Amino acid sequence: GEVYVLGVDPATHGRGLGKVLTLAGLHHLHERGVREVILCVESDNAPAINIYRDKLGFTHAQSDTHVMYRR
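Every residue gets a number counted from 1 within its own chain, in the order that chain's sequence is written. This being a predicted model, a pLDDT of at least 70 is required before a residue's local features are given, and a value of 80 or more before pairs of side-chain atoms are given or counted; all residues contribute to the totals for chains, interfaces and linings. Calculated side-chain values reflect all of the structure's heavy atoms, with hydrogen atoms and water omitted.

(A) View of the overall build of the chain. Counting its secondary structure elements, the chain contains two helices and two strands. Going through the 71 residues of the chain one by one, you find that 14% of them count as buried. Element-wise, carbon and sulfur atoms account for 53% of the exposed surface of the chain, whose accessible area totals about 5,900 Å². Strands are runs of DSSP state E lasting at least 2 residues, helices are runs of H or I lasting at least 4, and numbering of each runs from the N terminus. Only protein chains enter the calculation, and the probe is 1.4 Å; a residue is then buried if its accessible area is under 20% of its type maximum, exposed if over 50%, and partly exposed in between. We get accessible surface area from the Shrake-Rupley algorithm with a probe of 1.4 Å; when it comes to residues, only the shown protein chains can shield them.

Here it is as structure tokens:
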């Protein structure tokens, strides 16, 4: 499965909506038998990385990095 796009209104940042939305998607995929999920996130999106890595247990898969952006 893939988490492709997830957006949260900046006015609501810090309320846990990103985590809740991601979990809803993960549960949906799990119920359909998906056992592996990938997602893409910009490397400078620290709040999203915090959710995915630190709160939901995603890890960086170097082999799955197709595009890297840098400012």
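(B) Looking closely at the packing of aromatic side chains. The rule is short: rings of Phe, Tyr and Trp, with Trp giving its six-membered ring, pair when the centres are within 6.5 Å, and they are stacked under 30 degrees, edge-to-face over 60, tilted in between. Tallying each qualifying case throughout the model produces one aromatic pair. Centroid distance tyrosine 52 to phenylalanine 58: 6.1 Å. Interplanar angle 75°. Geometry classified as edge-to-face. Judged by relative accessible area, which is 15%, phenylalanine 58 ranks as buried.

(C) Broad picture of a nonpolar patch on the surface. Here, patches come from residues exposed beyond 30% relative accessible area and free of salt bridges, joined within 9 Å for like charges and within 5 Å for nonpolar side chains (Val, Leu, Ile, Met, Phe, Trp, Tyr). Salt bridges are defined as contacts in which a side-chain nitrogen from Lys or Arg sits within 4 Å of a carboxyl oxygen from Asp or Glu. Judged by side-chain polarity, Leu6, Leu17 and Leu21 come together as a nonpolar surface patch covering roughly 220 Å² of accessible area. Take leucine 21: it is sitting in helix α1 (residues 17–31).

(D) Inspection of the nonpolar core at higher detail. Buried Ala, Val, Leu, Ile, Met, Phe, Trp, Tyr and Cys residues that are joined via side-chain atoms within 4.5 Å together make up what is termed a nonpolar core. Judged by nonpolar contacts, Val3, Leu26, Ala48, Ile51, Tyr52 and Phe58 together constitute the single largest core of six residues. For this core, the element with the most residues is helix α2 (residues 46–55), which contributes three residues. Other than its neighbours up to four places away in sequence, phenylalanine 58 contacts Leu26, Val37, Leu39, Tyr52 and Arg53. Any pair of residues with heavy atoms lying within 4.5 Å of one another is described as a contacting pair.

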